[in-house]
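# Fold and geometry: a report
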Amino acid sequence: MTAGFALFDTAIGRCGVAWGDRGLLGVQLPEADDARTRARLLQKAPGAQEMAPPADVQRACDAMVELLSGEATDLSFIALDTDRLPAFNRSVYDIAQTIAPGETLTYGDIATRLGDKLLSRAVGKALGENPLPIVIPCHRVLAAGGKTGGFSANGGVTTKFRMLAIERARISTRDAEDAPMLFDPGLSIAPQRRRG
């Protein structure tokens, strides 16, 4: 397999992407510096070489840049190589990918869609192991009651807040015009332990 990786600039900092013959292997949110971002990418794609991305990967990077600039960009066209991931995690990620920019679900919502509300903790664990943040938008999954839940990326829930604020996220997945914005004044969002 030919695997490569590259760093690219976004509104939240320098992100990274790793790819193989069948699609993206990893996306890395900004670390403290480029060396750490590279190291994290190599954990997701051991042996990958830093190089200019092929056209399809460049389109994926451009779309992520647009999304992180506040455009409601659809990333569903991006090919992902998730075959090496556990089946349960893949099922969680499939649901997470259906969450549109500016919308959110809870861990419990995803667990219910998987057939058992008691799977909420397992959903959180799977999201914490997500190798493809942004494309698999784990930042759009909250704890019950509009609480943030966790976020395993550098910066933790602060990074999650920033990404959700860029998307002008709503607490509710309902289409109601009066659904509160995640960051409306007077809305209490209590950070929790890091989970996903």
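Structural notes, computed from the coordinates. The structure presented is a predicted model; accordingly, all values stated were derived computationally and were not measured.

## Description of the nonpolar core
- Within the largest apolar cluster, 42 residues are counted, with the highest numbers of intra-cluster contacts made by Leu24, Met64, Leu127 and Ile134.
- Elements represented by at least two residues in this core include exactly strand S1 (4-10), strand S2 (13-20), strand S3 (23-28), helix H2 (55-67), helix H3 (87-96), helix H4 (107-113) and helix H5 (120-128).
- Here this core gets six residues from one element, more than from any other, and that element is H2.
- Domain assignment of the residues forming this core places at least three in each of domain 1 (2-67) and domain 2 (85-165).
- Other than its neighbours up to four places away in sequence, isoleucine 134 contacts Cys15, Val27, Leu29, Met64, Leu67, Leu68, Leu75 and Met163.
- In terms of nonpolar packing, the next biggest core, distinct from the first, is built from eight residues, Leu7, Ala18, Leu41 and Ala45 among them.

## Structural notes on the environment of threonine 10
- With respect to the helices, strands and loops of the structure, threonine 10 is situated in strand S1.
- The spatial distance from the C-alpha of threonine 10 to the C-alpha of valine 65 is 5.2 Å, given a sequence separation of 55 residues.
- If we skip the residues at most four places from it in the chain, threonine 10 touches Cys15, Val65 and Leu68.
- Separated by 3.1 Å, the side chain of threonine 10 and the backbone nitrogen of isoleucine 12 make a polar contact.
- A polar side-chain atom of threonine 10 sits 2.7 Å from the main-chain carbonyl oxygen of glycine 13.

## Digging into the environment of lysine 44
- Note that lysine 44 resides in helix H1 (residues 34-44).
- Relative accessible area serves as the criterion here: at 16%, lysine 44 is assigned to the buried category.
- For the pair lysine 44 and alanine 18, spaced 26 residues apart in sequence, the C-alpha to C-alpha distance is 7.6 Å.
- Within the structure, lysine 44 has its side chain in polar contact with the side chain of glutamine 28 (distance 3.2 Å).

## Structural notes on the pairing of S3
- Of all six residues in S3, six are buried, a share of seventy percent or more.
- Across five bridges, the pairing between S2 and S3 is antiparallel. Paired with glycine 16 across the two strands is glutamine 28, which belongs to S3.
- In sequence, S2 turns back onto S3 through a hairpin of two residues.

## Here's the deal with H1
- Among the residues of H1, those classed as buried are Thr37, Leu41 and Lys44. Looking straight down H1, one finds its buried side chains confined to an arc of 50°; they lie on one side. For H1, the exposed residues set more than 90 degrees away from the buried face come down to Ala35 and Gln43.
- Looking at the buried side of H1, the elements it contacts are S1, S2 and S3.

What counts and how
- Residues numbered from 1 in each chain as written.
- Predicted model: local features only at pLDDT ≥ 70, side-chain atom pairs only at ≥ 80, totals over all residues.
- Heavy atoms only, no water.
- Core = buried A, V, L, I, M, F, W, Y, C linked by side-chain atoms within 4.5 Å.
- Buried < 20%, exposed > 50% of the residue type's maximum accessible area, 1.4 Å probe, protein only.
- Helix = DSSP H or I, 4+ residues; strand = E, 2+ residues; numbered from the N terminus.
- Domains from an automatic or database assignment.
- Contact = heavy atoms within 4.5 Å.
- Polar contact = N/O pair within 3.5 Å; in protein donor to acceptor, adjacent residues only side chain to side chain.
- Pairing = 2+ DSSP bridges.
- Arc of directions from axis to C-beta.

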